[in-house]
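# Tertiary structure, described
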Amino acid sequence: MTSVKEFRVDEPASPGELGRGSFVFTDDYSVFDWGKMPDEIPDKGASLCTMGAFNFELLEANDIPTHYEGVVIDDETVDLGEALAAGATPEEMAISLTQVPDLPFADGEYDYDAYHEEAGENYLVPLEIVFRNRVPVGSSLRERTDPADHGLDHDEWPDEVVDLNEPVVEFSTKYEEQDRYLDREGADAVAGEASIDRLEELARAVNYVVTEQASEAGLVHEDGKIECLYHEGEIRVADVVGTFDENRFSYDGQQVSKEVVRQYHKRTQPEWVEAVGEAKERADEEDVADWKSLCEESPEPLDDDVIRAARDLYCAGTNAYVGQDVFEAPSLPEAVDAVRSL
């Protein structure tokens, strides 16, 4: 069980063979790496499953290898179009499985050599490959780089959203308690046998496909990430791709992603958000892996009108992205206007 979806294993992976299992999407949500929050957003799981399956099928149509096998309806695995034609909104996605060894932590360091020794030639690459098309105010990229690093004609980052001339691809750790960005050499060491060049190539390809599809729906694709598995020399796109939880999209200047809920918590529960930041800093200083154990505040549930607006945004956004009225929801402009006033 992750913070937002369940993970089921039908046939476990072995050192030489991929296994088979599924993701079951829930209506839970997570912000600030907290994990499961104290309430749910109705239909969120079905909307993410629908959008994720749609994107995987788009990637496969563009010859981008993935671990996707279809959506599960009444214990049968079918493609998304067949499910939607039957009036079903899927909440379960069938996938190929790889191995995910433990990542040991001792003396303030993570042991990636041990991870890869156990993984062999079949493993989930312990990286997130992040791509950015835009740099919003508050982005960590502004702290780590200068505009000139990206061919931008600014001495300093302006106090507004900046569109990049070319997408930026970065590498971040995946299984550390507090993820950190890595330079190319560090990412290469963490990736093991998986080629950094191939990981970047796949990230750029996924970004292109999702950006084009979003544009057709009137959405701007701002940034996102992929995860990948490595199996006997082949790298496949794994986890879930291009949803409103994995990526940031906007419509007419308004965020259409879980960033809406994230920013709402910043405005309405600043004490908790500040406590999260302080706990993460303290964990860094004390070499403690579990930063949540150091956090002195907990989040409060959302008001009903906020949950309703978030639900409509997920569903309206999915309808627009896949080009079908899968969910009963207001139009995307109406859903966007509702969250603007939160």
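Just above, that's the structure.
All figures in this text were calculated on a predicted structure; none of them were measured in a lab. (Residues numbered from 1 in each chain as written. Predicted model: local features only at pLDDT ≥ 70, side-chain atom pairs only at ≥ 80, totals over all residues. Heavy atoms only, no water.)

### Re the overall build of the chain
Scanning the chain for helices and strands turns up ten helices and 15 strands. Relative to the globule expectation of 20 Å for 342 residues, the C-alpha radius of gyration of the chain, 20 Å, shows essentially globular dimensions. Across its three principal directions, the C-alpha atoms of the chain cover 50 × 50 × 45 Å. The buried share among the 342 residues of the chain stands at 54%. A sequence separation of at least 24 residues applies to 66% of the contacts in the chain between residues at least 6 apart. (Helix = DSSP H or I, 4+ residues; strand = E, 2+ residues; numbered from the N terminus. Rg over C-alpha atoms; globule rule 2.2 N^0.38 Å. Buried < 20%, exposed > 50% of the residue type's maximum accessible area, 1.4 Å probe, protein only. Contact = heavy atoms within 4.5 Å.)

### Re unusual backbone geometry
Phi at aspartate 74 takes a positive value of approximately 50 degrees, unusual for a residue other than glycine. Structurally, aspartate 74 is set in the loop between strand S3 (68-73) and strand S4 (76-78). The phi angle at aspartate 107 is positive, at roughly 55 degrees, despite the residue not being glycine. The exposed category is assigned to aspartate 107, whose relative accessible area is 80%.

### Some details on the nonpolar core
Of all hydrophobic cores here, the largest spans 96 residues; its most connected members are Leu127, Leu199, Val206, Leu219, Ile226, Val237 and Tyr321. Considering each element in turn, this core owes the most residues, ten residues, to helix H9 (residues 304-322). What isoleucine 226 contacts, discounting residues up to four positions off in sequence, is Leu127, Glu128, Ile129, Phe131, Leu199, Leu202, Ala203, Val206 and Val237. The next biggest cluster of nonpolar side chains, apart from the first, holds seven residues, and it includes Leu141, Leu152, Val162 and Leu164. (Core = buried A, V, L, I, M, F, W, Y, C linked by side-chain atoms within 4.5 Å.)

### What to know about the packing of aromatic side chains
Counting across every chain of the model gives 14 aromatic pairs. Where tyrosine 115 meets tyrosine 123, the ring centres are 6.4 Å apart and the plane angle is 90 degrees; that geometry is what we call edge-to-face. Accessibility classification places tyrosine 115 together with tyrosine 123 in one group, the buried group. Seen in terms of ring centroids, phenylalanine 249 and tyrosine 321 are 6.0 Å apart; in terms of plane orientation they differ by 70 degrees. Their pairing is edge-to-face. Pair noted here: phenylalanine 249 is in strand S14 (residues 248-251) and tyrosine 321 is in helix H9, with a separation of 72 residues, a long-range link. The pair phenylalanine 249 / tyrosine 321 is uniform in exposure class, with both members buried. (Phe/Tyr/Trp six-rings, centres within 6.5 Å; stacked < 30°, edge-to-face > 60°.)

### A few points about the pattern of salt bridges
Under the criterion given, the structure shown has 29 salt bridges. Salt-bridge contacts for arginine 198 lead to glutamate 201; the nearest nitrogen and oxygen are separated by 2.7 Å. A residue pair is termed a helical-turn pair when its members lie 3 or 4 positions apart in one helix, as arginine 198 and glutamate 201 do in helix H6 (residues 196-216) at three residues. Residue arginine 198 is classed as partly exposed on the basis of its relative accessible area of 29%. Residue glutamate 201 is classed as partly exposed on the basis of its relative accessible area, which comes to 48%. Among the salt bridges present, the one from arginine 204 reaches glutamate 200, with a minimum N-O distance of 3.0 Å. One end of the pair, arginine 204, and the other, glutamate 200, are both in helix H6, four residues apart, so they sit about a helical turn from each other. (Salt bridge = Lys/Arg side-chain N within 4 Å of Asp/Glu carboxyl O.)

### Things to note about helix H10 (residues 332-340)
Along H10, the residues classified as buried are Leu332, Ala335, Val336 and Val339. In a view along the axis of H10, the buried residues occupy a sector of 100 degrees, so they form one face of it. The secondary structure elements touched by the buried residues of H10 are S14, strand S15 (254-255), helix H7 (259-268) and H9. (Arc of directions from axis to C-beta.)

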